[in-house]
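# Descriptive structure summary
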Amino acid sequence: NAGVTQTPKFRVLKTGQSMTLLCAQDMNHEYMYWYRQDPGMGLRLIHYSVGEGTTAKGEVPDGYNVSRLKKQNFLLGLESAAPSQTSVYFCASSLRRTSRSGVLSNEQFFGPGTRLTVL
Amino acid sequence: TQLLEQSPQFLSIQEGENLTVYCNSSSVFSSLQWYRQEPGEGPVLLVTVVTGGEVKKLKRLTFQFGDARKDSSLHITAAQPGDTGLYLCAGALTGGFKTIFGAGTRLFVKA
């Protein structure tokens, strides 16, 4: 059981280049997320998906696109990379779970991250 | 804009000391999670609290959810060097699948 995996682990791009980050999970989770983590700013949600074939914008979606063609995979694309997209990117997945009181909890499992530098 | 403020941002203490980290917001959360992140790795879930006033213990770590479900605290008793890391709180908004994260508290425990 690998949990959440991300590829690649490191990448250096030149301004204007494109790339795709791949996230895979083997826990059969419905929800998947892409975050970026910058110093002093915590994790910010880029896009998320509540199921296969569906995606939605998060807090900072500009400059990114996503696709979820299969339940276990969530792809993050950068069409034209900019230096402001230099960051560490984390993928996460979660199970839709309701507590005994009927509250939806969102316990997320994270991948190891991708460190992206855009020159 | 919904914000989750953590304090302090940085904490450096001696082994054996106690500490408390705070997480505050003006938003009401359906649940709140605490994560710990080590350098070069993704965050790892420590605990989830869902009921106002709830207290959960995990060995030397005590987590409390505020009565109004807007704030939380993490207390560590007799800190050890192995507790070193970045502690993140995360509040799940109504609907349960969107979460906002605090900026984190970086803890360093000296032997």
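Preceding this paragraph is the structure being described.
Every chain begins its residue count from 1, and numbering advances along the sequence as written. The lettering of chains begins at A and the numbering of ligands begins at 1, in the order of writing. Totals for whole chains, interfaces and linings use every residue, but because this is a predicted model, local features are given only for residues with pLDDT of at least 70 and side-chain atom pairs only at 80 or more, for both listing and counting. Note that water and hydrogens are dropped before the side-chain values are worked out from all heavy atoms of the structure.

### Quick look at the interface of chain B and chain A
Applied cut-off: In what follows, residue pairs with any heavy atoms lying within 4.5 Å of each other are defined as contacts. Each of two parts loses accessible area, computed with a 1.4 Å probe, when they are put together; buried area is these two losses added. By definition, a salt bridge exists where a carboxyl oxygen of Asp or Glu is found within 4 Å of a side-chain nitrogen of Lys or Arg. Polar contacts here mean pairs of N or O atoms no more than 3.5 Å apart (in protein, one a potential hydrogen donor and the other a potential acceptor; neighbouring residues in sequence count only if both atoms are side-chain atoms). By definition, any uninterrupted DSSP run of H or I lasting at least four residues is a helix, any uninterrupted run of E lasting at least two residues is a strand, and each is numbered from the N terminus. Polar here means any residue outside two lists: the nonpolar Ala, Val, Leu, Ile, Met, Phe, Trp, Tyr, Cys and Pro, and the charged Asp, Glu, Lys and Arg; Gly therefore counts as polar.
At the interface, 23 residues of chain B touch 22 residues of chain A. Contact between chain B and chain A buries roughly 1,800 Å² in total, counting both sides, with carbon and sulfur atoms accounting for 59%. The interface formed by chain B and chain A contains zero salt bridges. Between the two partners, chain B and chain A, sit four residue pairs in polar contact (both at pLDDT 80 or more). Mapped onto the side of chain B that touches chain A, the elements with two or more residues apiece are β4 (31-37), β5 (44-49), β9 (85-92) and β10 (99-101) of chain B. Here the element with the most residues in the side of chain B that touches chain A is β4 of chain B; it accounts for four residues. Residues of the side of chain B that touches chain A, tallied by class, amount to ten nonpolar, eleven polar and two charged.

### Brief notes about the environment of Tyr-87 of chain B
Residues and elements named next belong to chain B. Checked against the element boundaries, Tyr-87 lands in strand β9. Each C-alpha atom, one on Tyr-87 and one on Thr-105, is 5.2 Å from the other, the two residues being 18 residues apart in sequence. Tyr-87 has contacts with Gln-6, Tyr-35, Arg-36, Leu-46, Leu-74, Ile-76, Gly-104, Thr-105 and Leu-107, leaving out every residue within four places of it along the chain.

### So, the sheet that holds strand β6 (residues 55-58) of chain B
As a general point, the strands of a sheet are linked pairwise by backbone hydrogen bonds and lie either parallel or antiparallel. Residues and elements named next belong to chain B. Condition: The pairing criterion is simple: DSSP has to find at least two bridges between the two strands. Axis lines are fitted to C-alpha atoms, over the contacting stretch for helices. Their N-to-C directions set the angle, which ranges from 0 to 180 degrees.
Taken together, five strands build an open sheet; the order of strands is β1-β3-β8-β7-β6 and the sheet is antiparallel. With one partner strand each, in any of the chains shown, β1 (5-7) and β6 form the two edges of the open sheet. Neighbour-to-neighbour, the strand axes of the sheet open up by a mean angle of 15°, direction not taken into account. Relative to strand β7 (residues 61-65), β6 runs antiparallel, the two sharing four bridges. If you follow Lys-56 over to β7, its bridge partner there is Phe-63.

### Observations concerning the pattern of salt bridges
As a reminder, the rule being used: Only protein chains enter the accessibility calculation, which uses a 1.4 Å probe. A residue is then buried if its area is under 20% of the maximum for its type, exposed if over 50%, and partly exposed in between.
Counting across every chain of the model gives five salt bridges over all chains. Close ionic contact of Asp-38 of chain A with Arg-36 of chain A constitutes a salt bridge, the shortest N to O distance being 2.9 Å. A relative accessible area of 10% places Asp-38 of chain A in the buried class. For the salt bridge of Glu-38 of chain B with Arg-36 of chain B, the shortest nitrogen-to-oxygen distance reads 2.7 Å. Residue Arg-36 of chain B is classed as buried on the basis of its relative accessible area of 19%. Bridged by salt links that share partners, the residues Arg-36, Asp-38 and Arg-44 of chain A form one connected network.

### Let's talk about the sheet that holds strand β1 (residues 4-7) of chain A
All names here are of chain A. Sheet architecture is open: four strands sit in the order β1-β3-β8-β7, paired in antiparallel fashion. In this open sheet, the two edge strands, each paired with only one partner strand, are β1 and β7 (65-67). Pairwise comparison of adjacent strand axes, ignoring direction, gives a mean angle of 20° for this sheet. Pairing of β7 with strand β8 (residues 73-78), which is carried by three bridges, proceeds in the antiparallel orientation. For Val-66, the partnering residue across the bridge sits in β8 and is Leu-76.

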